[in-house]
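Observations on the three-dimensional arrangement
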Amino acid sequence: MRRNFFLIVLLAIIWVGCADDDSFTVSTANHLTFSVDTVKTDTVFANIGSSTYTFWVFNHSGDGLRLKSVRLRQGNQTGFRVNVDGCYLDNSLGAVVTDLEVRDGDSIRVFVELTPQETHQDSPQLVEDDLVFNLESGMEQRVRLQGYSWDALLLKSGLKISCDTVIESAKPIVIFGEGISVDSGAVLTVRNTTLYFHDGAGLTVGGTLRSENCVMRGDRLDRMFPYLPYDRVSGQWRGVRFTPSSTDNWLLDTEIRNAYTGISLEGPTIYDPSEQRLTMVRCVVHNHKGYGVISFNSNIGLYYCQLSNTLDDCLALFGGICEMDHCTLAQFYPFSADRGVALRFADSQDGEVVFPVFLLICSNTLVTGYEADVVMGERKDESNEDAVYGYEFSDCLLRTPVVEGDTVNFRNIVWETPDDSIQGKRHFRTIDEENLYYDFHLDSLSTAKGMGCYENG
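Okay, so let's go over this structure.

Another aspect to go through is the sheet that holds strand β9 (residues 125-135). With mixed pairing, the 5 strands of this open sheet are ordered in space as β2-β10-β9-β4-β7. Single-partner strands in this sheet number two, and they are β2 (38-45) and β7 (96-102). Neighbour to neighbour, the strand axes of the sheet diverge by 20 degrees on average, direction disregarded. In the sheet, strand β4 (residues 65-72) pairs with β7 via 6 bridges, with the strands oriented antiparallel. From the neighbouring strand, Ser69 faces β7, where its bridge partner is Thr98.

What follows concerns the packing of aromatic side chains. Per the counting criterion, the structure on display carries 23 aromatic pairs. Aromatic side chains Phe332 and Phe440 sit 6.3 Å apart centroid to centroid with 25 degrees between the ring planes, which places their arrangement in the stacked category. In this pair, Phe332 is assigned in the loop between β29 (328-331) and β30 (343-346) and Phe440 in strand β41 (residues 437-442), connecting sequence segments 108 residues apart. Judged by centre distance (5.3 Å) and plane angle (50 degrees), the rings of Phe410 and Trp415 are tilted. Joined through ring pairs, the aromatic side chains of Phe345, Phe358, Tyr389, Tyr391, Phe393, Phe410 and Trp415 make up one cluster. The cationic tip of Lys156 hangs over the ring face of Phe176; the distance from NZ or CZ to the ring centre is 5.9 Å. Across from the ring centre of Tyr230, 3.7 Å away, lies the NZ or CZ of Arg220, which sits over that ring.

Quick look at a nonpolar patch on the surface now. On the surface, Met224, Phe225 and Tyr227 cluster together into a nonpolar patch covering about 280 Å² of accessible area. As for its placement among the helices and strands, Met224 is situated in strand β19 (residues 223-225).

This brings us to the pairing of strand β5 (residues 80-84). Side chains Phe80, Val82 and Val84 project from β5 onto a buried face, and the interleaved Arg81 and Asn83 project onto a face without burial. When β5 meets strand β6 (residues 87-88), the two strands line up antiparallel, connected through 2 bridges. The residue of β6 that forms the bridge with Val84 is Cys87. Where β5 folds back on β6, the antiparallel hairpin that results is connected by 2 residues, among which Asp85 adopts a positive phi of roughly 55 degrees.

Grouped together as the largest cluster of nonpolar side chains are 56 residues, with contacts concentrated most on Leu203, Leu209, Ile263, Met324, Leu343, Leu360 and Phe393. The contacts of Met324, once residues within four sequence positions are left out, are Leu302, Leu315, Leu329, Leu343, Leu360, Ile361, Cys362, Ser363 and Thr365. Counting 29 residues, the second largest nonpolar core, distinct from the first, contains Val39, Leu72, Val82 and Ala95.

Next up on the list: the environment of Ser274. Inspection of the secondary structure assignment puts Ser274 in the loop between β23 (263-265) and β24 (278-281). Counting along the chain gives 25 residues from Ser274 to Asn299, while the straight-line C-alpha distance between them is 7.7 Å.

With that settled, consider the sheet that holds strand β8 (residues 107-114). Here 5 strands make up an open sheet; going across it, the order is β1-β3-β8-β5-β6 and the pairing antiparallel. Looking at strand neighbours, the two that pair on one side only are β1 (33-34) and β6, the edges of this open sheet.

Positive phi outside glycine occurs at Asn309, with the angle close to 55 degrees. Considering the arrangement of structural elements, one finds Asn309 in strand β27 (residues 306-310). By relative accessible area, Asn309 is classed as buried at 1%. Positive phi values are uncommon outside glycine, yet Asn364 reaches one of about 50 degrees.

Within strand β25 (residues 284-288), 5 of the 5 residues are buried, which leaves the element mostly enclosed by the surrounding structure. Pairing analysis gives 3 bridges linking strand β22 (residues 249-257) to β25, with the strands arranged parallel. Across the sheet, residue Arg257 finds its bridge partner in β25, namely His286.

Right, let's get into the pattern of salt bridges. Note on pairing: side chains with opposite charge can pair once their charged atoms come close. Summed over all chains, the structure comprises 26 salt bridges. A salt bridge links Arg344 to Asp313; its shortest N-O distance comes to 2.6 Å. Residue Arg344 is found in strand β30, and its partner Asp313 is found in the loop between β27 and β28 (315-325); the two are separated by 31 residues along the sequence. As far as the burial class goes, Arg344 and Asp313 line up, both buried. Across the salt bridge formed by Glu416 and Arg399, the nearest N and O atoms sit 2.8 Å from each other. Separated by 17 residues along the polypeptide, Glu416 in the loop between β39 (414-415) and β40 (428-432) and Arg399 in the loop between β37 (397-398) and β38 (410-411) bring together distant segments of the chain. Neither Glu416 nor Arg399 differs from the other in exposure class; each is buried. It is possible to trace a salt-bridge network through shared partners that takes in Arg71, Arg73, Glu128, Asp130, Glu140, Arg142 and Arg144.

Reading the values: the criteria
Residues numbered from 1 in each chain as written. Predicted model: local features only at pLDDT ≥ 70, side-chain atom pairs only at ≥ 80, totals over all residues. Heavy atoms only, no water. Pairing = 2+ DSSP bridges. Helix = DSSP H or I, 4+ residues; strand = E, 2+ residues; numbered from the N terminus. Axes fitted to C-alpha atoms, helices over the stretch in contact; angles between N-to-C directions. Phe/Tyr/Trp six-rings, centres within 6.5 Å; stacked < 30°, edge-to-face > 60°. Lys NZ or Arg CZ within 6 Å of the ring centre and 35° of its normal. Patch = residues over 30% accessible without salt bridge, like charges linked within 9 Å, V, L, I, M, F, W, Y side chains within 5 Å. Areas by Shrake-Rupley, 256 points an atom, 1.4 Å probe, with all protein chains shown as cover. Salt bridge = Lys/Arg side-chain N within 4 Å of Asp/Glu carboxyl O. Buried < 20%, exposed > 50% of the residue type's maximum accessible area, 1.4 Å probe, protein only. Core = buried A, V, L, I, M, F, W, Y, C linked by side-chain atoms within 4.5 Å. Contact = heavy atoms within 4.5 Å.

Right under this line is the structure:
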């Protein structure tokens, strides 16, 4: 009898527990709880899908809750796409899902994406909707959905330039495929424009590039983490490549950022020291997963330029001629301790390929970084009497060991060491290593006044 009594009690407990789990209420006092009240997507180019955002729906009410429907208030008009607990709100069916249950103490997960329509405006425009949860009790709860739609010109298959072409656009231009290619003999002029390159795309120049007041960057407008925009992450696109046939290029007030290699100049078949293949004035080449600027056997000029934060060297010169004045070379690449130097100049690469001419003239320039020595000069071929290998630094700050007694190649140099009270990142206004934000204007305490691309702070 006693055994039967305990068995009856146990069955009663199991029955009550199951009954509690499966009970549902229509009381208006019971409601859902949300992990957020508003889902905010980042700015999205029109007709391009956003990243996926997510939030949780909890039932802490004490009873099970039935949802008659979950719907987008504006249906399929705004471009939001939603999946609720594995059920897609099909826009062709009114952007609604019905007959969901959330037991007491349980939760469901919601995924949100946005592919906005064109707004026919030059600036980003707010897109809003509500995700509405209708409970069996008649109660209505909602989560606000917000994003920004930005009209852009989309080059889905890239762009091939075979004749002289001018690109100037108030709207952003997004480039897919292999990117933009400029044939030999053609001139591409880009001014007052931002070019957004998709992953795998780049700019290949076989002819001539003229750029003025432009930005070239990756096309991700969202964030890797809440504090970190993708625009601060390197390796977003291929960068700018000048092939051996490319000549007479100049970049003015142009910024190239977050690519694999910012700018690469392949050596010409016939080297002409009198012809400057690339001239850069007031340009920024920042945050690259390879080199900032790498030049082979070419004549280039850099004036008031910032080259900063690269996995390989910020500026690598293999043969040729380089004239550099009032530039800032700052090697504070954050993603790897095995980073390159700020400046490398050599008559060879990997100890194998020897370039017969190398000449570097560097003045009023600031060269610094994390490591104790960020300036590397290398000469491999000392047997060729016809070879030219020369360099001259004047009125510069160099983070490298002092070269004693050489007043021909080094004049009026500030030699920086890690022991200096003002050195490395302390020269600059902001080196925010946590949020990866950098401002390379000179700090008021810097000992490099009169040097660098921002000589007056």
